[in-house]
Amino acid sequence: MARPLRVWQRCRPGALLLLLRRGGSLVAARGSSTQPARLPRMEYQDAVCTLNTLQTNASYLEQVKRERGQPQMQLQAMRTFLQRSGLAVEDLDQLNIIHVTGTKGKGSTCAFTERILRNCGLRTGFYSSPHLVQVRERIRINGQPISKELFTKYFWQVYGRLDETKDSHYGSMPAYFRFLTILAFHVFLQEKVDLAVIEVGIGGAYDCTNIIRRPWVCGVSSLGIDHTSILGDTIEKIAWQKGGIFKPGVPAFTVKQLESPMNVLKARAEEIGCSLQVCPDLEEYESGGERLRLGLEGDHQRSNASLALQLCSSWLRRRGIHDFISVPKRGLAEDVPLNSPFPKAASFKPSPVMVNGLQSTEWPGRTQTLRHGPVTYFLDGAHTMRSMLACVSWFRDAAARQEKTTEGPVVRVLLFNATGERDSAAMLKLLVPFHFEFAVFCPNITEAVSSSNAADQHNFNVTVENMLTRCLDNQKSWRRLAERDSAVATDVRIPEGLPLVAETRQTDALVFPCILSALQWICQGRDPVLDCPGTFATLQPGATTRAEILREAAGIHVLVTGSLHLVGGVLKHLDPSLSS
């Protein structure tokens, strides 16, 4: 993420706070009050700059680690911040919430769920994390990020109320993610959504979204190992945390899990007092041999789609809305006996509205393919071992389809970065057998020279030197793994694909200082969308001479993975509309 020097020259929070305090009364009104605080005119980037002073997600993770010994304090702190913002926990009951957790696929599940219910004519709110390009992507109304104007307006309303009350609370302000969660609740109440789909940030039991008292239905997507320093180092401990979003009397659904974490989820449901059911395979909703089409690619999305169908069906029935529900094949889900070890939810034939919702779902940066002339990008923010396995399976099939439409040899390029405590070497090991011609590593810095419109992607907690060191370590790991792979002659060529350029050469591994310079070198001026000057910033001697095959190949296929932040930085340059 880019250094904030130029942004801070333009946007100084201290000066903004002085203006804020002079702007008029900021007295909070409870619930969905429409009485806005009187504020001076502020721009979107001013709001983002001030938001960044509340710490980024890295700081939030460290705060959660410190509070781990007293986890209930996290939720109590969140309730206090919510109250200081002018809301009470009871106000959230108005939002008719669908609450979703999991390790892999919870965002995609939420995207399917939101799209289906929006198709039913409902006004939807959707809160997710992280964002790819702009922070307002996290708070969506009817599938679209809230406008810069609305974000700015509501940001200063909430920030002003919290700032006014901080002196009586030891100067405390909510961290970045906590603030955005409060902001999302405020926005959804003000904008009078019919329902809100809320994606858990980390874990479940002590996640700040878990101040929700009365969701209408809860969901658990696929579980795996991630955030072990916070959630625990076993799948069972992680399952216990995820099951913490269950609420008494509220139906809950999960995709198929391994037996051990499934036992933990079932025990949590019994302890809390809710019904937990396992979603059927997507094939069980299909009839007449017609396969349900999904807007998101990859076989792993099928379990996410099944979970979304159950969440939507349960929500609609509980709300008394039956126009969009087809008759189940065997009884209603709530009528299924709970005497089996893992009760199974009822399959049903999805209504045309639901089918269309699954087909039209979009979720950028997850199994996404972009074709720009001879350059094709395969973008997937996989950052755990299980999600990387799914990415590998998807890329194999997606690249095969693209290679069939390319007349001539292709160059295959990996663009990779990983952050935090994740095991980069283990993920890279899964990618080595594809025989990429180049493996390119760069930090999650969009551009070497920062600009004010990059404030959404700033990270104040990791130095550029630390990020580049991580990239150099990944480069060493790749070279070591590639040498080992060559020795055992492992090969995962794309089925029925065209030959690669110089198949027998060992992969070149290069490091670049930012995402833009990496993309410019990879594309060599052949992407009609990407701005490519004549020279490229690189940390790698001889990179220019090695790029000849990129200029001559019939096609360049680029897999971008390892980090959603990396994918977001790439999309910022490949899709200018996302920054508008």
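Above: the structure in question.
Given the structure is predicted, the values throughout are model-derived calculations rather than measurements. (Residues numbered from 1 in each chain as written. Predicted model: local features only at pLDDT ≥ 70, side-chain atom pairs only at ≥ 80, totals over all residues. Heavy atoms only, no water.)

**Focus on the sheet that holds strand 10 (residues 375–379)**
Picture the strands of a sheet paired through backbone hydrogen bonds; they go either parallel or antiparallel. Across the sheet, which stays open at both edges, the six strands sit in the order 9-10-14-11-12-13 with mixed pairing between neighbours. Looking at which strands have only one partner, the edges of the open sheet turn out to be strand 9 (368–372) and strand 13 (508–511). Recorded for the sheet is a direction-independent mean angle of 20° between the axes of neighbouring strands. The sheet contact formed by strand 9 and strand 10 spans five bridges and is antiparallel. Opposite Thr-369, over in strand 10, you have Phe-378 as the bridge partner. The strands touched by helix 14 (residues 385–403) within the sheet are strand 9, strand 10, strand 11 (410–416) and strand 14 (555–561), with strand 14 carrying the most contacts at an inclination of about 165°. In the packing of helix 15 (residues 424–431) onto the sheet, contacts are made with strand 11, strand 12 (438–441) and strand 14, and the angle to strand 11 comes to roughly 165°. (Pairing = 2+ DSSP bridges. Helix = DSSP H or I, 4+ residues; strand = E, 2+ residues; numbered from the N terminus. Axes fitted to C-alpha atoms, helices over the stretch in contact; angles between N-to-C directions. Contact = heavy atoms within 4.5 Å.)

**Here we look at the pairing of strand 1 (residues 97–101)**
Within strand 1, five of the five residues are buried, which leaves the element mostly enclosed by the surrounding structure. Side chains Ile-97, His-99 and Thr-101 of strand 1 all project onto a buried face; the interleaved residues Ile-98 and Val-100 project onto the opposite face, where all are buried too. Of the strand pairs in this sheet, strand 1 and strand 5 (residues 195–199) are connected by four bridges, and their pairing is parallel. Along strand 5, the bridge assignment pairs Ile-98 with Val-197. With four bridges joining them, strand 1 and strand 6 (residues 217–220) adopt parallel strand pairing. By the bridge assignment, Thr-101 is partnered in strand 6 with Val-220. (Buried < 20%, exposed > 50% of the residue type's maximum accessible area, 1.4 Å probe, protein only.)

**A few points about the sheet that holds strand 6**
Taking strand neighbours across the sheet as the criterion, the eight strands line up as 4-3-2-5-1-6-7-8 in an open arrangement whose pairing is mixed. Edge positions in the sheet fall to strand 4 (144–145) and strand 8 (276–278), since each of these pairs with one other strand and no more. Sheet analysis places strand 6 next to strand 7 (residues 252–254), joined by three bridges and oriented parallel. Across the sheet, Gly-219 pairs through a bridge with Phe-253, a residue of strand 7. Sitting on the sheet, helix 11 (residues 259–272) is in contact with strand 6, strand 7 and strand 8, with an inclination near 150° to strand 8.

**Some points on the side chain of Arg-366**
Inspection of the secondary structure puts Arg-366 in the loop between helix 13 (352–360) and strand 9. For the buried residue Arg-366, which engages in no salt bridge, the nearest side chain bearing the opposite charge is Glu-199, 5.9 Å off. Looking at Arg-366, its side chain comes within polar contact range of the main-chain oxygen of Pro-364, at 2.7 Å. If sequence neighbours within four positions are ignored, Arg-366 has contacts with Pro-130, Leu-132, Leu-379, Asp-380 and Leu-564. (Lys, Arg positive; Asp, Glu negative; His and termini not counted. Salt bridge = Lys/Arg side-chain N within 4 Å of Asp/Glu carboxyl O. Polar contact = N/O pair within 3.5 Å; in protein donor to acceptor, adjacent residues only side chain to side chain.)

**Describing the environment of Ser-393**
Mapping Ser-393 onto the fold places it in helix 14. A relative accessible area of 29% means that Ser-393 is categorised as partly exposed. Along the backbone, Ser-393 and Asp-299 are 94 residues apart, and their C-alpha atoms lie at a distance of 8.2 Å.

**As for the nonpolar core**
Leu-51, Leu-95, Phe-151, Phe-179, Leu-183, Phe-185 and Phe-188 are the most contacted members of the largest nonpolar core, which has 47 residues in total. Sorting the residues of this core by element identifies helix 3 (44–52), helix 5 (72–84), strand 3 (139–141), helix 7 (148–165), helix 8 (176–190) and strand 5 as the ones contributing at least two each. For Phe-185, the residues in contact, after removing those within four places along its chain, are Leu-82, Leu-87, Leu-92, Leu-95, Ile-97, Ile-198, Ile-211 and Ile-212. Counting 41 residues, the second-largest nonpolar core is a separate cluster that includes Phe-438, Met-467, Ile-515 and Leu-519. (Core = buried A, V, L, I, M, F, W, Y, C linked by side-chain atoms within 4.5 Å.)

**Here's the deal with the side chain of Asp-527**
Relative to the elements of secondary structure, Asp-527 occurs in the loop between helix 17 (515–523) and helix 18 (543–546). One buried charged side chain, Asp-527, makes no salt bridge at all; its nearest oppositely charged neighbour is Arg-526, positioned 10 Å away. Within the structure, Asp-527 has its side chain in polar contact with the backbone nitrogen of Val-529 (distance 2.7 Å). Polar side-chain contacts of Asp-527 include one of 3.4 Å to the backbone nitrogen of Leu-530. Not counting the four nearest positions on each side in its chain, Asp-527 is found in contact with His-372, Val-375, Tyr-377 and Leu-574.

**Things to note about helix 6 (residues 106–119)**
Helical periodicity: at 3.6 residues per turn, an α-helix aligns residues three or four positions apart in one direction. The first and last C-alpha atoms of helix 6 sit 20 Å apart over 14 residues, in line with the 20 Å expected at 1.5 Å per residue. Most of helix 6 sits out of view: 12 of its 14 residues are buried. Lys-106, Gly-107, Ser-108, Thr-109, Cys-110, Ala-111, Phe-112, Thr-113, Glu-114, Arg-115, Ile-116 and Leu-117 are the residues of helix 6 that are buried. Packing partners of the buried residues in helix 6 comprise strand 1, strand 2 (124–127), strand 5, helix 12 (301–318) and helix 13. Positive backbone phi, approximately 90°, marks Gly-121, located one or two places after helix 6. (Expected span 1.5 Å × (residues − 1).)

**Regarding the packing of aromatic side chains**
Evaluated as defined, the whole model comprises 20 aromatic pairs. Measuring from centroid to centroid gives 5.2 Å for Phe-378 and Phe-395, while their planes differ by 80°, and the two rings are edge-to-face. You can see Phe-378 sitting in strand 10 and its partner Phe-395 sitting in helix 14, a full 17 residues away along the chain. On the accessibility criterion, Phe-395 (0% relative accessible area) is buried. One aromatic cluster is present, formed by Tyr-44, Phe-151, Phe-155, Trp-156, Tyr-159 and Phe-179 through successive ring pairs. Taking NZ or CZ as reference, Arg-268 lies 3.7 Å from the ring centre of Trp-240, over its face. Positioned above the aromatic ring of Trp-216, the side-chain terminus of Arg-319 is 4.8 Å from the ring centre. (Phe/Tyr/Trp six-rings, centres within 6.5 Å; stacked < 30°, edge-to-face > 60°. Lys NZ or Arg CZ within 6 Å of the ring centre and 35° of its normal.)

**Quick notes on the layout of surface pockets**
The volume enclosed by the second largest pocket comes to roughly 770 Å³. Breaking the lining of the second largest pocket down by element, the ones donating at least two residues are helix 6 and strand 4. Residue contributions to the lining of the second largest pocket peak at four residues, all from helix 6. When its residues are assigned to classes, the lining of the second largest pocket shows 11 nonpolar, 11 polar and 11 charged. (1 Å grid on protein atoms, 1.4 Å probe; cavity = no way out; pocket = protein on both sides within 12 Å on 5 of 7 lines; lining within 4 Å. Points joined across faces, edges and corners; volume = space filled by probe spheres on them. Nonpolar A, V, L, I, M, F, W, Y, C, P; charged D, E, K, R; others polar.)

**Observations regarding the packing of helix 6 against helix 12**
One way to put it is that helix 6 packs onto helix 12 with a least axis distance of 8 Å and a crossing angle of 45°. Between helix 6 and helix 12, the interaxial angle falls into the category oblique. Crossing hand, helix 6 versus helix 12: right-handed. From helix 6, Ser-108, Thr-109, Phe-112, Thr-113, Ile-116 and Leu-117 reach across to helix 12, where they touch Gln-301, Asn-304, Ala-305, Leu-307, Ala-308, Leu-309, Leu-311, Cys-312, Trp-315 and Leu-316. Residues belonging to the contact of helix 6 with helix 12 are distributed by class as follows: 11 nonpolar, five polar and no charged. (Parallel < 35°, antiparallel > 145°, perpendicular 65-115°, else oblique. Left-handed = near helix turned anticlockwise from the far one by under 90°.)

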